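# Secondary and tertiary structure notes
Spelled out, the chains give:
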Amino acid sequence: MKKRKLVRALLPLMMIAFIVVLSGCSQAMVLDPKGPVGAEQKDLIMISTVLCTIILVPVLALTAWIVWRYRDKAGNKASYKPNWAHSTTLEVVWWAIPIIIIATLAVVTVRYTHALEPSKPLKSDKAPITIQVTSLDWKWLFTYPEQGIATVNYLQIPEDTPIKFELTSDAPMNSFWVPQLGGQIYTMSGMAMTLYLQADEIGHYFGTGANFSGEHFADMTFDVNATSQQDFEEFIAKTKKVPTKLTMESYEALAKPGKSGVQYFSAIPDGLFEKVVTKYTKGQSAHSGHGSGETTTEAKKASGSETSKDMDKMDHSQMKMTK
Amino acid sequence: MLDKIKQFASEFFVTGDPLILGAQVSIGLSMVAMIFVLTYFRKWGWLWKEWLTSVDHKRIGIMYIICSIMMLFRGGVDALLMRLQLAMPNSEFLQADHYNQIFTTHGVIMILFMAMPLMFGLFNIVVPLQIGARDVAYPFLNSLSFWMFFWGAMLFNVSFVIGGSPDAGWLSYPPLSELSHSPGVGQNFYIWGIQISGIGSLATGINFIVTILKMRAPGMKLMKMPMFTWSVFSSCIMIIFAFPILTVTLALLFLDRFLGAHFFTLDGGGNPMMYINLIWMWGHPEVYIVVVPAFGIFSEIVSTFSKKKLFGYKSMVFAMLIISLLSFFTWAHHFFTMGSGANVNAFFAISTMLIAIPTGAKVFNWLFTMYRGKIRFTTPMMWTVAFIPCFVIGGMTGVLLSVAPADFQFHNSYFLIAHFHQVLIGGVAFGYFAGLYYWWPKMFGFKLNEHLGKWAFWLWNIGFYVCFMPQYFLGLDGMTRRTYTYDFDMGWGPLNLVSTVGGFLMGVGFIFQVWQIAHSIKFREADVNGDPWEGRTLEWSIPSPAPIYNFAVLPQVSEADAWWEEKEKRAASGKSAAPIVYEPIHMPKNSAIPFIISTFWFFAGFGFVWGWMWLTIPALIGVGICMIARSFSYDTDYYIPADEVKRTEAALKGAKL
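The notes below deal with the structure included here. (Residues numbered from 1 in each chain as written. Chains lettered and ligands numbered in written order. Predicted model: local features only at pLDDT ≥ 70, side-chain atom pairs only at ≥ 80, totals over all residues. Heavy atoms only, no water.)

Looking down a regular strand, the side chains alternate between one sheet face and the other. All names here are of chain A. Among the 6 residues that make up strand 2 (residues 139-144), 6 are buried, leaving the element largely enclosed by the rest of the structure. Of the two faces of strand 2, both are covered, the one formed by Lys139, Leu141 and Thr143 as well as the one formed by Trp140, Phe142 and Tyr144. Once strand 1 (residues 129-136) ends, the chain turns through 2 residues before running back antiparallel as strand 2. Where strand 2 and strand 3 (residues 149-152) come together, 4 bridges link them in antiparallel fashion. Residue pairing in the sheet places Thr143 in a bridge with Ala150 of strand 3. (Buried < 20%, exposed > 50% of the residue type's maximum accessible area, 1.4 Å probe, protein only. Helix = DSSP H or I, 4+ residues; strand = E, 2+ residues; numbered from the N terminus. Pairing = 2+ DSSP bridges.)

Below, the structure written as structure tokens:
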């Protein structure tokens, strides 16, 4: 008898222990955002958690109470009504409670869905920096079209500046995720997606591929180094001096399946990203319908175009290729 | 010549891994042991006549359940291997490709070859008995469904010792699953294993819809059906709409791989997004297909063990039908992060959240069924009570995931893994365990040992929370699903270790369940009157195990809890059942065709996997011949004479005393 009670007491105790452990580790990346997108997402997570808790806690308490109160034990004097099986009032109440909660949550969700649409530019005094992201088997290629450099598995960005990530894939689809800066977006061949993120603080952030893409998917992690504007410029200048340049040939070699460490390139070929996006859809009408925002239209245009001349017409006015 | 054979063997058999070698040896040994035992005890004829060719829904149900428990073992071992690999940072227990195969097969097996057959097993055993029928609407098709499932599952399972397992995830997104990225035979095994068993699933869906609509006992109006039967009906509606999508999707993927079509490859004008849309149009209803029958089980159990009518019968039915409908409007939440745009995301976010409303109402109805009842804590009831907090928490994290912009942070992370294991283990596994414990006496005529069952229950439950609660946190800390290794400095080590310990606790719980079954067989605690739990529905009105014809006389139904009403009436009038006039009973004959035709399908599938047309074509011809043979067989039924029914009933009643 005693033993049974002990076991019964164990379960809630353990749950409490877990909650303590979890609250002790409040440094979980998603709950410790370092940028405006991540911060809003954290707020949203908190709001929706609270809304759910409003229903969760009473239900758990009610369950515990009912199970205890109406157990079939000798001497239990709780009332017993075997045929009581309907009450319109009660049913209305418990259909209404979840309806109200879900309706509230729905309103919140719709608002945030529009506010946090990944292709929507961030409000900032500073002009955004464009970084193009290509997921390869099994590494990340980051090209900085405005600066004319490229890196592999390493991303350096200036703090307090919106970054416009343009993303595609030259391999099975993946997903680009820097939890502390904000939520992820898929990288897919033949499409260019847009994701705006920003780091508010200097620091190193963990970045990872989130969608399974084959054998060495687990090795597709990268360091996001947010630095001061000055350090960022120094990094650009330094990278421009490294002897290796990314050419079409070296890109082809890089794109072959295999793991890679961090690499730096002092130059990138003209229109590399657009070539990758249109690589699979050459001569085809653009497949689209997914993706929204300006980049999709760009991709549509890009996939319809075949010459690099058309490329120049694209809305990449900020793009200045280094020759 | 010898070199050629060696070359072939090295591609054909999976070699080089001690784990797999061990598995191969044990598979070989257990097959030898089985053949030996069957031959030694001269049981081949018995096996063939009584089981393999049986069209009796109760036997088919038992065969489904045996297979699914074996698959639970296989899928569980996969899970433990993964947990072992992840217990420590930088672990080298499994290589990347091996790990990828294991999580792929774990997912496929647990959903399609464990949950589905366990569900079909319970459908088969319970539904005809609950509605007062003597069999399902199409007994031959029922047997065919089982054998198609069986051979499909076998085809999928041989992949890990022959040719290599699929490794592109349980839903095999292209282009990863296309020939360009998965040139081996693993994906072919995936396609044909699922395809062949999927035909069986679809047929079962049709079979049970017809059974429920056409074969209910006189007086059992739709709104007087037991709740489990209602849940089966809702689930089958989803099956007949969802499974054709799966069949077509996999057929297109096969055409891509086999004939160089370009349905899902960009370079020929196809689109991988098409596949992802299609597979989730099946995949999301699929999780409701498996969970809704569990809701039915809980309803039966809550009512029985609270000695009370189910609260809010009508709204329970309504809620289930609404869930079946809504389940088809949720698929896009699986790719909120693919840039569908704010309006599309908002639509699917809300349509997903809506499911929480009927589900929430059901939870309240279960709670108020217990309210003012007398709750007996038997093992089925314990699983049901444990389900409520587990599923409510899992449902809540599901609602969190459905909030599209928040999902950008949860998607593909361990948070998601924790969520769906919470609803699938807490809902489906707990539910089917509860159902197994509950109907076990009806299936086999003896009860399972409650003491060992309670040990299993606590190990499973504690193990569950220890295993999956840390995973929510790991997800929020950036750990992604399908990661086979992580660096020490990520700090994920301790929680992963805890999670692994939890996984093994559940494994020990499973061992206790096997022990419980073995123990209960040895020390039979016979179910003497066919109604061990003081049940409420018709299946408890007949002896355990039920005779081949189920009901000697078809019952006349006037209330929802038909058997409970009958018992009340008898108690009030002080009389037992009215004297019975027996009549001859019309029954279907056993048939070997379902077994043979499905075996042919297995070989056809195996031929497709390897591109061996010399095997596929004759096998498909075999399939055709079987179909023709069946269409010309007119001698498919027989009558059990009234005398024999009388004798059987007398014997069964004699046993009762």
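This part covers the interface of chain A and chain B. Counting from both sides, the interface comprises 95 residues of chain A and, opposite them, 101 residues of chain B. Carbon and sulfur atoms make up 74% of the surface buried where chain A meets chain B, a total of about 8,600 Å² over both sides. Taken as a group, Trp94, Trp95 and Phe212 of chain A account for 9% of the area that chain A buries against chain B, more than any other trio of residues on that side. Summed over the shared surface of chain A and chain B, the number is 0 salt bridges. (Contact = heavy atoms within 4.5 Å. Buried area = accessible area lost by both parts, 1.4 Å probe. Salt bridge = Lys/Arg side-chain N within 4 Å of Asp/Glu carboxyl O.)

Below, the discussion takes up unusual backbone geometry. Residue and element names in this part refer to chain B. Look at the link from Pro174 to Pro175: it is a cis peptide, with omega at 5 degrees. Residue Pro545 is reached from Ser544 by a cis peptide bond, and omega for that bond is -15 degrees. Tracing the chain through its elements places Pro545 in the loop between strand 2 (525-526) and helix 18 (562-573). Although it is not a glycine, Asn412 adopts a positive phi angle of roughly 60 degrees. Position of Asn412 relative to the elements: it lies in the loop between helix 14 (404-410) and helix 15 (414-444).

What follows concerns helix 11 (residues 342-353) of chain B. With 12 residues, helix 11 of chain B should cover 16 Å at 1.5 Å per step; its first-to-last C-alpha distance of 16 Å lies within 8% of that length. Among the residues of helix 11 of chain B, those classed as buried are Ala342, Asn345, Ala346, Phe348, Ala349, Ser351, Thr352 and Met353 of chain B. The secondary structure elements touched by the buried residues of helix 11 of chain B are helix 3 (88-115) of chain A together with helix 12 (356-370), helix 13 (379-402) and helix 14 of chain B. (Expected span 1.5 Å × (residues − 1).)

This part is about the nonpolar core. Ranked by size, the top nonpolar core spans 291 residues in total, and within it Leu155, Phe165 and Phe176 of chain A together with Trp282, Trp366 and Met370 of chain B carry the most contacts. Counting residues per element, this core draws most heavily on helix 5 (residues 96-130) of chain B, which supplies 22 residues. Sequence-distant contacts of Leu155 of chain A, that is, excluding residues within four places in its chain, are made with Ile131, Phe142, Tyr144, Phe165, Phe176, Phe222, Asp223, Val224 and Asn225 of chain A. If you look at the next biggest cluster of nonpolar residues, it comprises 12 residues, including Leu254, Phe265, Ile268 and Val276 of chain A. (Core = buried A, V, L, I, M, F, W, Y, C linked by side-chain atoms within 4.5 Å.)

For the rest of this paragraph, the subject is the sheet that holds strand 4 (residues 154-158) of chain A. All names here are of chain A. On the basis of which strands lie adjacent, the open sheet formed by 5 strands has the order 4-10-9-6-7 and mixed pairing. With partners counted over all chains shown, the strands left at the sheet margins are strand 4 and strand 7 (182-187), one partner each. This sheet shows a mean twist of 20 degrees between the axes of neighbouring strands, independent of strand direction. Strand contacts of helix 4 (residues 229-240): strand 4 and strand 10 (221-227), with the helix running at about 135 degrees to strand 4, the strand carrying the most contacts. (Axes fitted to C-alpha atoms, helices over the stretch in contact; angles between N-to-C directions.)

A word on the sheet that holds strand 5 (residues 163-169) of chain A. Residue and element names in this part refer to chain A. The 6 strands lie next to each other as 8-5-1-2-3-11, forming an open sheet whose pairing is mixed. Two strands close off the open sheet at either side, each with one partner strand: strand 8 (193-197) and strand 11 (263-265). The average undirected angle you get between the axes of adjacent strands in this sheet is 20 degrees.

The next point concerns empty space enclosed by the protein. Residue and element names in this part refer to chain B. One pass over the full model with this rule turns up 7 cavities of 30 Å³ or more. Taken as a whole, the largest cavity holds about 150 Å³ of empty space. Taken together, Ile69, Leu72, Phe433, Leu436, Tyr437, Trp440, Leu448, Phe510, Gln513, Val514, Gln516 and Ile517 make up the lining of the largest cavity. By residue number, the principal contributor to the lining of the largest cavity is helix 17 (residues 493-522), which donates 5 residues. When its residues are assigned to classes, the lining of the largest cavity shows 10 nonpolar, 2 polar and no charged. (1 Å grid on protein atoms, 1.4 Å probe; cavity = no way out; pocket = protein on both sides within 12 Å on 5 of 7 lines; lining within 4 Å. Points joined across faces, edges and corners; volume = space filled by probe spheres on them. Nonpolar A, V, L, I, M, F, W, Y, C, P; charged D, E, K, R; others polar.)

It is worth spelling out the packing of helix 5 of chain B against helix 9 (residues 272-305) of chain B at this point. Residue and element names in this part refer to chain B. Between helix 5 and helix 9, whose axes approach to 11 Å, the crossing angle comes to 40 degrees. In terms of their interaxial angle, helix 5 and helix 9 are classed as oblique. Regarding helix 5 and helix 9, the two cross each other, and that crossing is left-handed. Across the interface between the two elements, Ile111, Leu112, Ala115, Met116, Met119, Leu122, Phe123 and Gln130 from helix 5 touch Trp282, Glu286, Ile289, Val290, Pro293, Ile297 and Glu300 from helix 9. Counted by class, the contact of helix 5 with helix 9 contains 12 nonpolar, 1 polar and 2 charged residues. (Parallel < 35°, antiparallel > 145°, perpendicular 65-115°, else oblique. Left-handed = near helix turned anticlockwise from the far one by under 90°.)

This brings us to the packing of helix 5 of chain B against helix 8 (residues 227-259) of chain B. All names here are of chain B. Here helix 5 crosses helix 8 at 130 degrees, and the two axes come no closer than 10 Å. Classified by the angle between their axes, helix 5 and helix 8 sit oblique to one another. As helix 5 packs across helix 8, the resulting crossing turns out to be left-handed. The segment helix 5 lies against helix 8, with Met116, Met119, Phe120, Leu122, Phe123, Val126, Val127 and Gln130 engaging Phe228, Thr229, Val232, Ser235, Cys236, Ile239 and Phe243. The residue makeup of the contact of helix 5 with helix 8, split by class, is 12 nonpolar, 3 polar and no charged.

For helix 2 (residues 36-69) of chain A, which comprises 34 residues, the first-to-last C-alpha distance of 49 Å matches the rise-based estimate of 50 Å (1.5 Å per residue) to within 8%. The sharpest bend along helix 2 of chain A reaches about 35 degrees and sits at Thr53 of chain A. (Bend = angle between axes of the 7 residues up to and from the residue.)

Further remarks concern the pairing of strand 10 of chain A. Residues and elements named next belong to chain A. Among the 7 residues of strand 10, 5 are classified as buried, and the element is accordingly described as predominantly covered. As paired strands, strand 4 and strand 10 are joined by 5 bridges and run parallel to one another. The residue bridging Tyr154 from the neighbouring strand is Asp223, located in strand 10. Pairing geometry for strand 9 (residues 203-209) and strand 10, over 6 bridges, is antiparallel. Residue pairing in the sheet places His204 in a bridge with Asn225 of strand 10.

Note that Lys4 of chain B resides in helix 1 (residues 2-12). Separated by 290 residues in sequence, Lys4 of chain B and Ala294 of chain B place their C-alpha atoms 52 Å apart.

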